[in-house]
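Okay, here's what each chain looks like letter by letter:
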Amino acid sequence: MKLAKRFGALLVALCLMMTMIPAVSAANTTGAITLTIGSATMSVNGSSTTIDAQGSRATIYKSYTMLPIRGVVENMGGSADWNASTQQVTLKFNGTTVVLKLGSTTAYVNGVAKTMSVAPFTDNGRTYVWLRTVEFFPNVTVSWRPDTRQATVVYPMTGASTPGANNVAMTIKNGADLIFKAMQLAPSGTTNYGANILSQNLNWNGTQTVNVRVGKQQYDLMATDYYNNKFYYRNLDFSNVQNIAVLTLTGGDTYSLVVDGILASGADKKVNLNIQNSTGQQIVSMVYGPANSNVWSNELLPTYRFNNGTGINLNLDYASTSPYYDFRVTYANGQAYVFRSVNLASQWGTQLIRLNANGLVTYNNSTSGTVGGDTEITFRNRSDETVYELKMATTNTSSAFRNADNLISRTKNGSNDDFDFDISVRKWYIRAYDNDGDVIASDTITFSSTSLKSATITLDKDGDFTVSGSKTSSSSSGDAEVVLINNTGKKIYSIFAVDPDDFDEADWKADKDAWDYDDFKDDYEDLGSISAGDYDTIDVDLYGSKDNKFTLVLFYSNDDDDFAVEDISFNRNIDDYAVLEVTSLSSSGITIGYNGDDYDLDSDELFMEVVNETDRKLTAIKARKDSDDSWDDVWTTSIDKNSSDIKIIDYSKWGDDGDCDLKFVFESGSDIVETNVDIAKGYYYTRITIESDNDIVIEDE
């Protein structure tokens, strides 16, 4: 009897001990579906799959993100039913029923009326609903990433949910000078943290291998130390993981993640950062963290006061895959300021930056717009909004604008701000930002000269920029605006438009070595450069008895004497705009493709270039103003795969006062619909590229 009692007591004790050990469980009990605008595939718990057999895509409609709802709800583990007679969609998930009606902004959640921002609609037989509609289901959240144009739906997994995650053996190495008692994972951008993945406390300099179940996507790790302080490690990238990962924690918010032997995310590089303080104030505190994460490092100036006009050197960790970091400083007067998206990457291992007043960051070798120069520019804000930042860059890329200086102080509607600027080239991309760092206006501007003493840039209430001396100014220096398209495959370094009577082509051909760039620059204005595959607008004077001629001179290499010449003659005087497509150039001349023939542009016309990079023949392009309108023919001639063409398009019926929808019709396979395209907002040239993955890229001039 005593033996039986002792055995029973031992069994109870063992059971109690087992309940004290944290369970090793899945990384999270939630699922995640990620959709990308314009893509026919989505990620379901880390596995890529088509949204449906019809090729449906998430899309932007009237500024709202719309989802093809059936594919989303069914993968969540719910159902979607369509009643054609009542035009109603019934969605069911995890005990909740949501009823929607086409054209109505009222949703009924278990019979209770709820309001949506935009009504559902159908296209090609598929029903699209507002992104936030799925949040009517309990414990379902939606996040939106504007930088990647991705929407992620996070939801509680049920027995009917689509699986898709990987079992991964992850070794965690703790070099953070902390003792952690819990670590939890959640899809990046959400707070849906799962169970503790640690089997026991993870000591300083300790190592622990845990089994986690993760999808092929990014996760945030929340780590809790011995004193219940929370530390966040953002954007752990498991996109390419198979079954092995090594996570090394190097600080309270820094890490490196290696999956199957390859660095996936985190800090893997060091930079010697030289910072010059030109803020006009003494800096008493400085921390840094991944851009837009609001996660900060330990203090970088623990015992140092950083005086204005001095410099310091810091040896910092950064991630080569995402080298942009925010720096938050605190001045001696207590004011805090964040210098956004500082690029720490440098091929030399050293980066030199200057912190200026009002959050301006200047790099030693920036290719983006920087403060300082010989041109005094006045910015006039007439947009009906307050502009917090104004940036300019020579390329229309996110990295270029991250590196660009903010040129202004906060400028309210109706106010002006002045700054000095170096107009190194005539054409610039320009963006205005609100107080959240979101773009409120984006455009291109072209200065009439690179040697202006002063200029004025105006942002109007329609979001359009105009600039004195540019193509939008009445003081244009030429008789015509010519869109010059560079389809030669090589960069055009300099452009000159000269009087045919001033340039003797016979003399040039007889003695080519006697001509170089300086000969032209002494007598004519350099109109700028155009990268391969890009285009620009040039102001040209037209000559001849009919005012329809000029000589085009293009320099096409770094050598000052490699240039090509072509006499351009339009069939009539160009009143507004013309297009010249340069398809090849060499010392023997310039080959011109489309040149407008007898055409210039009326007020409701634009030049449209369509580039078909797919492996299918494009047979037509159609347009409509609203989703309930019929499709109008825009383009009725075929474009073979990997080919392009240019035409003049009359957009007065469907695109003259706002967004429109475009449909791309192919000889085989599914059509592509691009919604909410503002194709003609004050522009006269549009290039549409249909990429090999069926994504649509639209560029306007």
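Cut-offs and rules
- All chains use their own residue numbering, which begins from 1 and follows the written sequence.
- With the structure being a predicted model, the display of local features is reserved for residues of pLDDT at least 70 and the display and counting of side-chain atom pairs for 80 or more, all residues being used for whole-chain, interface and lining totals.
- Only hydrogens and water are set aside when side-chain values are computed; all heavy atoms of the structure are taken into account.
- Put simply, DSSP marks the helices as runs of H or I at least four residues long and the strands as runs of E at least two long, and each gets a number from the N terminus on.
- Whether a residue is buried, partly exposed or exposed follows from its accessible area with a 1.4 Å probe, protein chains only, as a fraction of its type maximum: under 20%, in between, or over 50%, in that order.
- Should any heavy atoms of two residues lie within 4.5 Å, those residues are considered in contact.
- Methods summary: accessible areas were calculated by the Shrake-Rupley approach with a probe of 1.4 Å, and residue burial reflects only the protein chains presented.
- A pair of strands is considered paired only if DSSP assigns at least 2 bridges between the two.
- With axes taken as lines fitted to C-alpha atoms, and helix axes fitted only over the stretch in contact, angles between N-to-C directions fall between 0 and 180 degrees.
- In these notes, a set of buried Ala, Val, Leu, Ile, Met, Phe, Trp, Tyr and Cys residues joined through side-chain atoms within 4.5 Å is what counts as a nonpolar core.
- pLDDT measures how confident the predictor is about each residue, on a scale from 0 to 100.
- Throughout this description, the term salt bridge denotes a Lys or Arg side-chain nitrogen within 4 Å of a carboxyl oxygen of Asp or Glu.
- The pairing test for Phe, Tyr and Trp rings, Trp by its six-membered ring, is centres within 6.5 Å, and the orientation test on the planes gives stacked under 30 degrees, edge-to-face over 60, and tilted for anything in between.
- Comment: the charge-over-ring label is applied if NZ (Lys) or CZ (Arg) is within 6 Å of the ring centre and within 35 degrees of the ring normal.
- Grouping into patches uses exposed residues only, defined as over 30% relative accessible area, and leaves out salt-bridged ones; the cut-off is 9 Å for like charges and 5 Å for nonpolar side chains (Val, Leu, Ile, Met, Phe, Trp, Tyr).
- Polar contacts, as counted here, are pairs of nitrogen or oxygen atoms within 3.5 Å of one another; within protein the pair requires one atom able to donate a hydrogen and one able to accept it, and residues that are adjacent in sequence qualify only if both atoms are side-chain atoms.

### Concerning the overall build of the protein
When helices and strands are tallied, the protein shows 5 helices and 51 strands. Relative to its 701 residues, the protein shows a buried fraction of 49%. The contacts of the protein with a sequence gap of at least 6 include a subset with a gap of at least 24, amounting to 60%. Element-wise, carbon and sulfur atoms account for 44% of the exposed surface of the protein, whose accessible area totals about 31,900 Å².

### Observations concerning the sheet that holds strand 26 (residues 324–331)
Within a sheet, neighbouring strands are paired by backbone hydrogen bonds and run either parallel or antiparallel to one another. Spatially, the 3 strands line up as an open sheet ordered 24-26-27, and their pairing is antiparallel. With partners counted over all chains shown, the strands left at the sheet margins are strand 24 (283–290) and strand 27 (336–343), one partner each. Sheet twist, expressed as the average angle between the axes of neighbouring strands with direction ignored, equals 20°.

### So, the nonpolar core
Of all hydrophobic cores here, the largest spans 38 residues; its most connected members are Ile33, Met76, Leu91 and Val153. The element contributing the most residues to this core is helix 2 (residues 69–76), with 4 residues. Once you skip the residues sitting within four places of it in the chain, Val153 turns out to touch Gly31, Ala32, Ile33, Leu67, Val72, Met76, Val134, Val140, Thr141 and Val142. Core analysis: the next-biggest nonpolar cluster, separate from the first, contains 29 residues, Val168, Met170, Phe180 and Leu198 among them.

### Topic: the sheet that holds strand 14 (residues 150–156)
If you walk across this open sheet you meet the 5 strands as 3-2-1-14-13, and the pairing is antiparallel. Each edge of the open sheet is held by one strand with a lone partner, namely strand 3 (47–50) and strand 13 (141–145). When the angles between neighbouring strand axes are averaged without regard to direction, this sheet yields 25°. Summarising the sheet, strand 13 and strand 14 pair through 5 bridges and their orientation is antiparallel. Looking at strand 14, one finds that Arg145 is bridged to Gln150.

### Re the confidence of the model for the protein
Of the residues in the protein, 79% reach a pLDDT of 70 or more, and the chain-wide mean stands at 78. This stretch, residues 1–28, has a pLDDT under 50; its non-local contacts, to residues over four places away or in other chains, come to 24 contacts. This model gives residues 469–478 a pLDDT under 50, and the stretch forms 27 contacts once residues within four places in sequence are excluded.

### Remarks on the pattern of salt bridges
Under the criterion given, the structure shown has 9 salt bridges. Residues Glu74 and Arg70 are paired through a salt bridge, measuring 3.1 Å at the closest nitrogen-oxygen approach. With a gap of 4 residues between them, Glu74 and Arg70 both fall in helix 2, about one helical turn apart. On the basis of relative accessibility, which here comes to 38%, the residue Glu74 falls in the partly exposed class. Of the residues examined, Arg70 reaches a relative accessible area of 31% and is grouped as partly exposed. A salt bridge links Arg234 to Asp220; its shortest N-O distance comes to 3.3 Å. Of the two residues, Arg234 is situated in strand 19 (residues 230–237) and Asp220 in strand 18 (residues 218–225); the sequence distance between them amounts to 14 residues.

### Things to note about the packing of aromatic side chains
Going through the model one piece at a time under the given rule, you end up with 17 aromatic pairs. Ring centres of Tyr288 and Tyr325 lie 5.5 Å apart, and the angle between their planes is 45°; on these two criteria the pair is classed as tilted. Highlighted residues: Tyr288 in strand 24 and Tyr325 in strand 26, separated in sequence by 37 residues. You'll find Tyr288 and Tyr325 in the same group, each marked buried. Members of the aromatic cluster, joined through ring pairs, are Tyr61, Phe121 and Tyr128. In this structure, Lys391 packs its charged tip against the face of Tyr433, placed 5.6 Å from the ring centre. Over the aromatic face of Phe666 sits the side chain of Arg616, whose NZ or CZ is 3.9 Å from the ring centroid.

### Focus: unusual backbone geometry
Residue Asn110 is not a glycine yet carries a positive backbone phi of 50°. Mapped onto the elements of the fold, Asn110 is located in the loop between strand 9 (106–109) and strand 10 (112–115). Its identity is not glycine, yet Asn205 carries a phi of approximately 65°, on the positive side. Positionally, Asn205 belongs in the loop between strand 16 (180–187) and strand 17 (207–214).

### Considering a nonpolar patch on the surface
Nonpolar side chains collect at one region of the surface, where Ile179, Trp204, Tyr226 and Tyr227 lie side by side and expose about 520 Å² of accessible area between them. Mapped onto the elements of the fold, Ile179 is located in the loop between strand 15 (166–174) and strand 16. On the basis of relative accessibility, which here comes to 38%, the residue Ile179 falls in the partly exposed class.

### Let's talk about the environment of Val553
Positionally, Val553 belongs in strand 40 (residues 549–555). Relative accessible area serves as the criterion here: at 0%, Val553 is assigned to the buried category. Taking the C-alpha atoms as reference, Val553 lies 8.9 Å from Ile590; in sequence the two are 37 residues apart. The residues contacting Val553, other than those within four sequence positions of it, are Ser494, Ile495, Phe496, Val498, Phe520, Phe563, Ala564 and Val565.

### Section: the pairing of strand 6 (residues 79–83)
The sheet contact formed by strand 6 and strand 7 (residues 88–93) spans 5 bridges and is antiparallel. Paired with Ser79 across the bridge in strand 7 is Lys92. The hairpin formed by strand 6 and strand 7 contains 4 residues between the paired strands, and Gln87 there has a positive phi angle of roughly 60°.

### Comments concerning the pairing of strand 12 (residues 126–130)
Most of strand 12 sits inside the fold, with 5 of its 5 residues counted as buried. Bridging between strand 5 (residues 64–68) and strand 12 involves 3 bridges; their strand directions are antiparallel. Looking at the pairing, Leu67 lines up with Val129 of strand 12. Two strands pair when backbone bridges link them, and strand 11 (residues 121–123) and strand 12 are joined in this way by 3 bridges, in the antiparallel orientation. Bridge pairing links Asp123 to Arg126 in strand 12. Hairpin connection of strand 11 to strand 12: 2 residues between the antiparallel strands, including Asn124 at a positive phi of 55°.

### As for helix 2
Of all the 8 residues making up helix 2, 6 are buried; the element is thus mostly covered by neighbouring parts of the structure. The complete set of buried residues in helix 2 reads Ile69, Gly71, Val72, Val73, Asn75 and Met76. Of the residues one or two after helix 2, Gly77 is the one with positive phi, at around 110°.

### Remarks on the side chain of Thr488
Inspection of the secondary structure assignment puts Thr488 in the loop between strand 37 (480–486) and strand 38 (494–498). Note on Thr488: relative accessible area 17%, which makes it buried. For Thr488, the side chain forms a polar contact with the side chain of Asn486, separated by 2.6 Å. Within the structure, the side chain of Thr488 is placed 3.0 Å from the backbone oxygen of Lys490, a separation counted as a polar contact. For Thr488, the contacting residues outside a window of four places in its chain are Val582, Thr583, Ser584 and Leu585.

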